[in-house]
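# Report on the structure
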Amino acid sequence: SHDSGSADSASSVSPPQSLSLTHRRRDSSPRLPHPLHTAVHPAMASQSQGIQQLLQAEKRAAEKVAEARKRKNRRLKQAKEEAQAEIEQYRLQRENEFKTKEKAALGSHGNSATEVDKETVDKIKMIERNYQQNRETVLASLLTLICDIKPEIHTNYRISG
């Protein structure tokens, strides 16, 4: 009951080979590429090789960067350790200097205390010597003033008369 028109003839004709490659298949089986499309064109091969070289170069560059970072971190760690050692050495040096100055200051303080004690002992000895030398003279002078009384009228006394 179909017309032998153009619609009938179009539906009975199978599609050309190129269209069948792009046509979606409804079944889920994988479609194998056409044998003509599996061959690699020489220009494509060199382009693919260039991409591979670029990828390898990028990988080498990334490795170099990673290695440089590792070296940098090692240098930073070493520098930090050296700085810590230097700080500790400086701290010990300053501590020793402080202890030396402290000993000198306390030592001189201790020496001054012994000097003061020595001077005190020397002064006491000198006073005792003076006492022994002048004792008799001072006692005689005092006894003379006390025992020899000469009654006199004081110069400021007025006789009222």
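Residues numbered from 1 in each chain as written. Predicted model: local features only at pLDDT ≥ 70, side-chain atom pairs only at ≥ 80, totals over all residues. Heavy atoms only, no water.

This part is about the overall build of the chain. Helix and strand counts for the chain come out as four helices and zero strands. If you list the helices and strands of the chain from N to C, you get α-α-α-α. Expressed as a percentage of the 161 residues in the chain, the buried residues total 0%. When the accessible surface of the chain is split by element, carbon and sulfur atoms take 57% of a total near 16,100 Å². (Helix = DSSP H or I, 4+ residues; strand = E, 2+ residues; numbered from the N terminus. Buried < 20%, exposed > 50% of the residue type's maximum accessible area, 1.4 Å probe, protein only. Areas by Shrake-Rupley, 256 points an atom, 1.4 Å probe, with all protein chains shown as cover.)

This paragraph deals with the pattern of salt bridges. Using the criterion set out here, one finds five salt bridges in the structure. Close ionic contact of Arg94 with Glu97 constitutes a salt bridge, the shortest N to O distance being 3.2 Å. Of this pair, Arg94 and Glu97 both sit in helix 4 (residues 42–147), three residues apart, which is roughly one turn of that helix. Here the salt bridges do not stand alone but share partners, grouping Glu88, Arg91, Glu95 and Lys99 into one network. (Salt bridge = Lys/Arg side-chain N within 4 Å of Asp/Glu carboxyl O.)

For the rest of this paragraph, the subject is a positive patch on the surface. Taken together, Arg69, Arg71, Lys72 and Arg75 make up a surface patch of like positive charges. In this fold, Lys72 is placed in helix 4. Residue Lys72 is classed as partly exposed on the basis of its relative accessible area, which comes to 47%. (Patch = residues over 30% accessible without salt bridge, like charges linked within 9 Å, V, L, I, M, F, W, Y side chains within 5 Å. Lys, Arg positive; Asp, Glu negative; His and termini not counted. Charge placed at Lys NZ, Arg CZ, Asp CG, Glu CD.)

In the predicted model, the chain carries a mean pLDDT of 80, and 71% of its residues have values of at least 70. Least confident of the elements in the chain is helix 1 (residues 6–12), whose mean pLDDT is 48; most confident is helix 4, at 91. Every residue in residues 1–11 is under pLDDT 50, and counting partners more than four places away or in other chains gives two contacts. (pLDDT = per-residue confidence, 0-100. Contact = heavy atoms within 4.5 Å.)

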